[in-house]
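A look at the structure
What follows is the residue order along each chain.
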There are 2 protein chains.
Amino acid sequence: MFSQFRDKLPLSEEKWNKYVGYFNRIEVPAKTTLLEEGEISKKLFVIEKGCIRVWFNHNGKDLTSQFFFENQSVASIESFMKKFPSPVFVETIEPSVLWWIHKNDVDTIIEEIKEIPELRDRLIDMLFQRTFDYMKHFFSFIKDSPAKRYQSLIEEKPQIVQRVPQHYIASYLGVSTVHLSRIKSKLLHEK
Amino acid sequence: MFSQFRDKLPLSEEKWNKYVGYFNRIEVPAKTTLLEEGEISKKLFVIEKGCIRVWFNHNGKDLTSQFFFENQSVASIESFMKKFPSPVFVETIEPSVLWWIHKNDVDTIIEEIKEIPELRDRLIDMLFQRTFDYMKHFFSFIKDSPAKRYQSLIEEKPQIVQRVPQHYIASYLGVSTVHLSRIKSKLLHEK
DNA sequence: TTCATTTGATAACAAATGTTATCGTCTGCC
DNA sequence: GGCAGACGATAACATTTGTTATCAAATGAA
């Protein structure tokens with residue numbers, strides 16, 4: 001799982017083995033809840049195989065805010081970093097193979113990493129990138145119609161359209177399941 | 001402008017004076033463009049007095065994505081950090097008193113600050129906070145109606161409602177000016 | 001002051017989107 | 001193989017939101 005990064009990170013053999021040793025492999029079926037709303041997130045997951053969604057309940061409606069696939073790391077970021085009760089659920093969509101690491105061990109790694117300028121800067125870059133991604137998604141809500149957002153999704157994140165049940169995608173795009181179905185149908189018949 | 005921070009930052013007198021010396025004070029009228037779309041952002045602004053909006057043109061429509069007030073710093077963040085052509089305009093709304101600093105000097109400060117763990121961590125915290133803010137704004141688009149978003153704005157960012165012309169607020173909330181006017185009217189007549 | 005411009009409210013109509021209900025298909029499971 | 005539940009399409013209707021146009025009030029500049 002992690003060997004692909006081995007030669008890209010300036011870490012001693014000793015540190016590398018220590019860090020990799022923190023991770024635990026698990027296999028879980030589809031629809032497994034990895035974190036409950038209200039719980040304080042203690043685990044960060046990395047996906048070897050499968051996919052995961054982050055969702056929350058709003059007045060009885062199941063609203064999905066994010067999707068994750070192979071090689072991405074997943075947590076309720078605010079809960080994990082700041083020890084707040086999680087506002088969201090984290091749940092597998094497909095049967096998945098995951099590696100998880102405890103928050104204490106992440107903290108250890110981050111503290112040590114900050115002393116290595118190259119990795120520290122990479123961490124900061126990652127945080128910037130995450131902000132840019134959210135900005136982009138937010139922009140699409142003030143400038144595009146739902147139909148346009150769906151088309152962008154097909155182009156920019158085809159995995160979502162291909163692997164995720166449609167009713168989860170609907171709330172992610174901010175529309176009802178019925179309307180998303182209409183959008184798809186219209187796209188088909190126009191071409 | 002900056003003396004309020006003097007005793008809160010672990011900096012030598014020498015460094016402090018050097019950093020403060022990087023800043024330039026300007027006074028500008030309302031509707032002054034501080035950064036054009038397509039331009040590469042070289043200046044970071046701090047607002048002493050006044051307010052600023054960030055906006056972009058989409059198919060001839062003027063869409064506002066952010067507002068800034070006293071003591072906030074403003075730039076086209078992606079352009080400033082990564083030297084990309086800015087996707088947005090930056091423009092004053094009110095006559096304003098601003099302090100600006102050149103990107104080169106910001107880079108100098110950031111590089112030096114990273115060696116001070118307390119400030120380095122504060123920088124990282126700031127980046128997290130910015131991401132959380134965007135997440136929250138994004139959530140409101142998938143869970144709330146425009147009317148609810150407007151009410152939240154009144155509660156959480158009253159400055160915007162009080163100081164910003166309404167047609168800028170409309171696009172920020174993702175609705176037409178006519179519809180925002182309807183929302184206000186409905187709120188009034190219900191109470 | 002006076003006039004042009006900006007800003008905001010409102011009406012009338014068009015278009016987009018939500019809601020509820022029904023139906024068919026598919027899938028996993030026994 | 002058969003069944004229950006999940007998933008998605010579609011129709012009919014209700015509601016929300018956008019568009020265009022008009023008018024009034026506020027604002028700013030000469």
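Residues numbered from 1 in each chain as written. Chains lettered and ligands numbered in written order. Predicted model: local features only at pLDDT ≥ 70, side-chain atom pairs only at ≥ 80, totals over all residues. Heavy atoms only, no water.

**Quick word on the UniProt feature "domain: Cyclic nucleotide-binding" (unreviewed entry) in chain A**
Condition: UniProt positions are given in the numbering used here, feature names are shortened, and annotations may be inferred rather than shown by experiment. Secondary structure elements follow DSSP: runs of H or I no shorter than four residues count as helices, runs of E no shorter than two count as strands, and numbering proceeds from the N terminus.
As annotated in UniProt, the feature "domain: Cyclic nucleotide-binding" (unreviewed entry) corresponds to residues 11-110 of chain A in the numbering used here. Regarding residues 11-110 of chain A, the helix share stands at 23% and the strand share at 43%, and the terminal C-alpha atoms are separated by 13 Å.

**What to know about the domain arrangement of chain A**
Residues and elements named next belong to chain A. What counts is decided by this rule: Residue ranges assigned to the domains are those given by an automatic or database domain assignment. What makes two residues a contact is simply this: any of their non-hydrogen atoms within 4.5 Å. Put simply, buried area is how much 1.4 Å-probe accessible surface two parts lose in total, over both of them, once they are put together. Salt bridges are defined as contacts in which a side-chain nitrogen from Lys or Arg sits within 4 Å of a carboxyl oxygen from Asp or Glu.
Partitioning chain A into structural domains gives domain 1 (3-142) and domain 2 (144-191). Placing a centre on the C-alpha atoms of domain 1 and another on those of domain 2 gives a separation of 26 Å. Listed by partner, the interface residues are 21 residues for domain 1 and 14 residues for domain 2. Around 1400 Å² of area is buried between domain 1 and domain 2 when both sides are counted, 58% of it from carbon and sulfur atoms. The largest share of the area that domain 1 buries against domain 2 comes from Phe67, Phe69 and Phe141, three residues that together contribute 39% of it. Counting every contact that joins domain 1 to domain 2 gives 3 salt bridges.

**Looking at the interface of chain B and chain A**
Facing the 34 residues of chain B at the interface are 34 residues of chain A. Summed over both partners, the interface of chain B with chain A buries about 3400 Å², with 77% contributed by carbon and sulfur atoms. Per-residue buried area on chain B facing chain A is highest for B:Tyr134, B:Phe138 and B:Ile142; these three make up 19% of the total on that side. The interface formed by chain B and chain A contains 4 salt bridges.

**Observations regarding the packing of aromatic side chains**
Rule in force here: Pairing of aromatic side chains here covers Phe, Tyr and the six-membered ring of Trp, requires ring centres within 6.5 Å, and sorts the geometry by plane angle: under 30 degrees stacked, over 60 edge-to-face, intermediate tilted. A simple rule labels every residue: compare its accessible area, found with a 1.4 Å probe on the protein chains alone, to the largest value its type can have, and call it buried under 20%, exposed over 50%, or partly exposed in between.
Counted under the stated rule, the structure contains 21 aromatic pairs over all chains. Aromatic side chains B:Phe2 and B:Phe23 sit 4.5 Å apart centroid to centroid with 45° between the ring planes, which places their arrangement in the tilted category. With B:Phe2 in the segment before helix H1 (13-21) and B:Phe23 in the loop between H1 and strand S1 (24-28), this residue pair connects regions lying 21 residues apart in the sequence. By the burial criterion, B:Phe2 is buried, and B:Phe23 matches it. Put simply, the rings of A:Phe56, A:Tyr134, A:Phe138, A:Phe139, A:Phe141, B:Phe56, B:Tyr134, B:Phe138, B:Phe139 and B:Phe141 pair up and form one aromatic cluster.

**Description of the environment of B:Phe67**
Residue and element names in this part refer to chain B. Relative to the helices and strands, Phe67 is located in strand S5 (residues 61-68). Assessed through its relative accessible area of 9%, Phe67 is described here as buried. Beyond its immediate chain neighbours, meaning those up to four positions away, Phe67 contacts Ile52, Arg53, Gln72, Ile93, Ile160, Val164, Tyr168, Ile169 and Tyr172.

**Looking at the protein's contact with DNA strand D**
Convention followed: To be near a molecule or strand, a residue needs just one of its heavy atoms within 4 Å of it. Residues adjacent in sequence count toward polar contacts only when both atoms are side-chain atoms; beyond that, a polar contact is any pair of N or O atoms within 3.5 Å, and within protein one must be able to donate a hydrogen and the other to accept it.
For DNA strand D, the set of nearby residues contains 17 residues, the closest of which are A:Gln166, A:Ser181, B:Pro146, B:His179 and B:Arg182. For DNA strand D, the backbone portion of the atoms within 4 Å of the protein, that is sugar and phosphate, comes to 64%. At a separation of 2.9 Å, a phosphate oxygen of DNA strand D approaches a polar side-chain atom of A:Ser181. A distance of 3.5 Å separates a phosphate oxygen of DNA strand D from a polar atom in the side chain of B:Lys61. Elements supplying a minimum of two residues to the surface near DNA strand D: helix H7 (166-173) and helix H8 (177-190) of chain A together with helix H8 (177-190) of chain B. Element by element, the count of residues in the surface near DNA strand D is highest for H8(A), at 5 residues.

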